[in-house]
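Spelled out from the first residue to the last, the chains are:
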Amino acid sequence: QVQVVESGGGLVQPGGSLRLSCVASGSIFSMNAMGWYRQAPGKQREWVASITSDGSTNSADSVKGRFTISKTNAKNTVYLQMNSLKPEDTAVYYCNAQGSSGFLRRPFDSWGQGTQVTVSS
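Because the structure is predicted, anything quoted here is derived from the model rather than measured.

A. Summary view of the side chain of E6. Tracing the sequence through the fold places E6 in strand β1 (residues 2-7). Here E6 is buried and forms no salt bridge, its nearest opposite-charge partner R45 lying at an N-O distance of 7.4 Å. For E6, the side chain forms a polar contact with the main-chain nitrogen of C95, separated by 2.8 Å. At 3.1 Å, the side chain of E6 forms a polar contact with the backbone nitrogen of Q113. Once residues within four sequence positions are removed from consideration, E6 is found in contact with S21, C22, W36, Y93, Y94, C95, G112, Q113, G114 and T115.

B. Representation of the sheet that holds strand β8 (residues 77-82). One open sheet accounts for four strands, arranged β1-β3-β8-β7; its pairing is antiparallel. Each edge of the sheet is formed by a strand with only one pairing partner; in this case those strands are β1 and β7 (67-72). The mean inter-strand angle of the sheet, taken between neighbouring strand axes irrespective of direction, is 15°. Two strands pair when backbone bridges link them, and β1 and strand β3 (residues 18-26) are joined in this way by six bridges, in the antiparallel orientation. Of the residues in β3, the one forming a bridge with S7 is S21.

How each quantity is defined
Residues numbered from 1 in each chain as written. Predicted model: local features only at pLDDT ≥ 70, side-chain atom pairs only at ≥ 80, totals over all residues. Heavy atoms only, no water. Helix = DSSP H or I, 4+ residues; strand = E, 2+ residues; numbered from the N terminus. Buried < 20%, exposed > 50% of the residue type's maximum accessible area, 1.4 Å probe, protein only. Lys, Arg positive; Asp, Glu negative; His and termini not counted. Salt bridge = Lys/Arg side-chain N within 4 Å of Asp/Glu carboxyl O. Polar contact = N/O pair within 3.5 Å; in protein donor to acceptor, adjacent residues only side chain to side chain. Contact = heavy atoms within 4.5 Å. Pairing = 2+ DSSP bridges. Axes fitted to C-alpha atoms, helices over the stretch in contact; angles between N-to-C directions.

So, in structure tokens, the structure goes:
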């Protein structure tokens with residue numbers, strides 16, 4: 001079983017910055033990709049950014065140039081550096097991890113519980 005835990009959310013003023021962290025733990029054999037999603041009140045969950053095992057990154061147009069995803073291989077940790085935050089970035093941010101786990105190398109697709117980010121003056 002693979003657990004995913006996010007941290008780093010909070011309240012920030014417009015134009016400010018936050019860094020989210022996500023750690024995946026458990027019987028991880030290999031990690032294929034990790035990513036961030038967000039869900040604002042009354043809206044569907046949307047993809048924000050992702051990073052693959054070889055370090056390739058991609059992000060949604062709405063956050064390009066403001067958010068940066070990065071990772072630490074050794075600890076199965078991914079970060080989301082969020083700069084120039086806007087009120088419309090307010091949402092619960094979820095981390096997703098995909099890979100294979102255990103002796104049988106079964107695929108997993110695990111989600112964290114989410115961390116709240118509120119951008120408001």
